Amino acid sequence: MLKMSKISKLYRTELVETHALRELDLHVDEGEFVAVTGPSGSGKTTFLNIAGLLESATSGLFELDGEDVSQLNDKQRSRIRNEKVGFIFQSFNLIPDLNLADNVDVPLRYRGWPGAERRKAVGDMLDLVGLGSRQNYLPSQLSGGQQQRVAIARALAGKPRFLLADEPTGNLDSEMAGAVMKLLESINQEGTTIVMVTHDPDLAHRADRNIHILDGRASDVMAAISPNVTPLPDREAARV
Amino acid sequence: MFSYYVRLALTSIRRTPVLSALMVLALGLGIGAFMTTFTVYYLMSGDPIPHKSDVLYAVQLDNWDPNDDPTESASDVQPQLTYQDGQHLMNAETPAVRQAHMYGSDVVVVPEGDEPPFNENVRATYQTFFQMFDVPFVYGGPWDKRADDDHASVIVIGRKLNDRLFNGENSVGKSLQLNDHFYEISGVIDDWQPTPRFYHVDAGRRFSDSEQIFLPFTRAVDLVLGPNGNTNCWAPMDDSLPVIEAFLKSECVWTQFWAELETPEDAAAYKDYLDNYVRDQKQIGRFQRPLNNFLSNVREWLVVNRVVTNDNRVLVRLSFLFLLVCVLNTVGLLMAKFLGKSGEVAVRRAMGASRRAVFIQNLVEVATIGVAGGVAGIGLAWLGLKGIENLYRGYQHLVHLDPVMLATAVGLAVLSAILAGLYPVWRVSRQAPAGLLKAL
């Protein structure tokens, strides 16, 4: 699903050069639930941004769903982002002036689906996250956990095959975090590949596999401890 | 997608009402000031009779004081003719299809019934006037040539006067008292307001109402209806003659003269006729200056008479500069507005919006602000024009915004807003989404 080979990311200013990623090699199979851990400043978010085509790598090869996406232009990257990738953010990032239905509708608008199809998808997704009856609510009228569920509905509305989650439970209390994790796990069970950045070791251990990033390198690979998942041999190949 | 973008624009405008109102106000002020001056300029410089302006010619004959400054252009020659010259041309065989000799006067209208008498401007002219200037009739028509020859007591009245005196009914054949005499109405003309009032561009009256009463020139002279426009004389009148006769035979200019000439060849032949007439007059001691006769079609005539002054042009330029200042202010306000939208833009980019989609979405928002600014500008321009109407008499036909001006105002506002918004919108669409996702 995702294959990065010798991916580097260098940020330059007039005074300093910062290596956010250093020849990172990483491989995520279709259907996996991978947790990415690492200390602050290690390069986790940069990895996530490159994986989600929000940023380009300075060098290296990146394939997403079998397609080399290293050299695509903005329009092509936007199309792939829209069709294949879903994002979940720590701070939910719902658009405050739009109601829940319109928030979930955002990626579908750029997909160009007809109105009836969009409305059905929006309704289905909000039902899935248990907020179908609150389509006209504004985000500010919801709790943090509910907002994150809406964000998940938005990420899933276009039926992406690849979900990127950046600290999805970081702003939630443990009860809500647990509920969100359950939702992500059920989504993964349905076949969606998930890469989740987290600081929380408990959440990381619920994933199929953990990747530890340190100083811009994927420095450690741990097999998941979940009894239900048997690590595949090629999954273990993801290393520096 | 366009309706979606408009909906998003309205939502965004509601989110920042003060900032949005400031932008609408800035654009509205600029548009309002520009449209006020430009509307006056546009109406002043408009062609009042576009389908015939190239075949209608005003006549100028330089009968002025030989000791006066030399003539360099038509603007240096008196814009009116003497009575005797106008009458000669009117009765001569010339290459013109039609000619009209005329002057403005005023009378007291004495209505039947209880309504008190009132003053009304009249135009003394010939029956050719109406066909020459394509004056539209609602009832009847002009008087005939015999009425001119017979100095008949007939009149044509305007729709407003007909509404006032006859409740808008067909008054043809009815009688109306002007001063001490009764006149038979031969026709009622529709609303007819050439702007500028090119056929008589006296300073101060060039944008006045058209007359509501027209009567034969010959009859008006018989009744000694004096001119109510400018009368300029350079030589003393003949003391040996009765006053009226001396005035009519004087070198005083107070009448207007127009000729309809269908081709440039006709115009050249007519000019030759004028020159020959003046040469003949020189033989009897008149026209002592060099040959300075001019024929000016309608558009040329407005230039000759400086209907659009340099002040008007300077005002238009100044107000355009003011509009530019307003647009520059709007650029700053838009920068502030779009800075606050970085987070939303980043989310949309993450959800699959291309830079182009973000650019178009925000450009639609800017254009929406422009439309609101245009509407505000129209309101302010209307107030500005009302102010001009109150300050300056005779400008009442310049204080309306016609459909062309309304469309221009909105178009200009949208264009201004888009110009103001291009850089801020371009910037926001170029921002890298990755670093801004926490800015929502």
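It should be noted that the structure appears before, not after, this text.
Fair warning: this is a prediction, and the values are worked out from it, not measured in the lab.

This paragraph deals with the overall build of chain A. Scanning chain A for helices and strands turns up seven helices and ten strands. Expressed as a percentage of its 240 residues, the buried residues of chain A come to 50%. Taking contacts inside chain A between residues at least 6 apart in sequence as the whole, the part at least 24 apart equals 68%.

This part is about the pairing of strand β4 (residues 59–64) of chain A. Consecutive side chains of a regular strand alternate in pointing toward one face of the sheet and then the other. All names here are of chain A. As judged from the five bridges shared by strand β1 (residues 2–12) and β4, these two strands associate in the antiparallel manner. Looking at the pairing, K3 lines up with E63 of β4. Judged from the two bridges that link them, β4 and strand β5 (residues 67–68) form a sheet pairing that is antiparallel. Bridge assignment links E63 to a residue of β5, and that residue is D68. Joining the antiparallel neighbours β4 and β5 is a turn of two residues, in which D65 adopts a positive phi near 55°.

Residues and elements named next belong to chain A. Where helix α3 (residues 100–111) contacts helix α4 (residues 115–128), the two axes come as close as 9 Å, and the packing angle between them is 120°. Judged by the angle between their axes, α3 and α4 are oblique. For the crossing formed where α3 meets α4, the hand is right-handed. In this structure, α3 contributes L100, A101, V104, D105 and L108 to the contact, and α4 contributes R118, A121, V122, M125 and L126. Across the contact of α3 with α4, the residue classes break down as eight nonpolar, no polar and two charged.

Residues and elements named next belong to chain A. Between helix α5 (residues 144–157) and helix α6 (residues 174–189), whose axes approach to 9 Å, the crossing angle comes to 15°. As judged from the angle between their axes, α5 and α6 are roughly parallel. For the element pair α5 and α6, the recorded crossing hand is right-handed. Between α5, through G144, G145, Q148, R149, I152 and L156, and α6, the contact on the second element is made entirely by M176, A179, V180, L183 and I187.

Turning next to the interface of chain A and chain B. Contact with chain A, which involves 20 residues of that partner, is made by 20 residues of chain B. Elements that contribute at least two residues to the side of chain A that touches chain B include exactly α2 (74–84) and α3 of chain A. Looking at the side of chain A that touches chain B residue by residue, the classes come out as seven nonpolar, six polar and seven charged.

Once that is clear, we can look at the nonpolar core. With 108 residues, the main nonpolar core has A:V36, A:V104, A:M125, A:L126, A:A153 and A:L164 as its most contacted residues. Setting aside its immediate chain neighbours within four residues, A:L126 contacts A:L100, A:A101, A:V104, A:L131, A:G132, A:Q135 and A:A153. Formed by 59 residues, the second largest nonpolar core is a distinct cluster that contains B:L81, B:Y103, B:F198 and B:I213.

Next up on the list: α2(A). Within the span of α2(A), buried status applies to A:R77, A:S78, A:I80, A:R81, A:N82 and A:K84. Of the surrounding secondary structure, the elements contacted by the buried residues of α2(A) are β4, β6 (85–88), α3 and β7 (162–166) of chain A together with α12 (342–350) of chain B.

Each value, and the rule that gives it
For every chain, the first residue of its written sequence is number 1, and the numbers climb from 1 along that sequence. Chains and ligands are labelled sequentially in the order written, the chains with letters from A and the ligands with numbers from 1. Given that the model is predicted, a residue must reach a pLDDT of at least 70 before its local features are reported, and side-chain atom pairs must reach 80 or more before they are shown or counted; all residues, however, enter totals for whole chains, interfaces and linings. Here a helix means four or more residues in a row that DSSP labels H or I, a strand means two or more in a row labelled E, and each is numbered from the N terminus. Counting other C-beta atoms within 10 Å of each residue's C-beta, where C-beta atoms are placed from the backbone, gives the exposure class: buried for 20 or more, exposed for 12 or fewer, partly exposed between. Placing C-beta atoms from the backbone, we regard two residues as in contact once those atoms come within 7 Å. A pair of strands is labelled paired if DSSP reports no fewer than 2 bridges between them. Every axis corresponds to a line fitted to the C-alpha atoms, with the helix fit spanning only the stretch in contact, and the corresponding angles, defined between N-to-C directions, vary from 0 to 180 degrees. Convention used here: angles under 35 degrees read as roughly parallel, angles over 145 as roughly antiparallel, angles from 65 to 115 as roughly perpendicular, and any remaining angle as oblique. Here a crossing is taken to be left-handed if its near helix is turned anticlockwise relative to the far helix by less than a right angle, and right-handed if that turn runs clockwise. Here the nonpolar group is Ala, Val, Leu, Ile, Met, Phe, Trp, Tyr, Cys and Pro; Asp, Glu, Lys and Arg are the charged ones; every other residue, Gly included, is treated as polar. As used throughout, a nonpolar core is a set of buried Ala, Val, Leu, Ile, Met, Phe, Trp, Tyr and Cys residues joined through C-beta atoms within 7 Å of each other.

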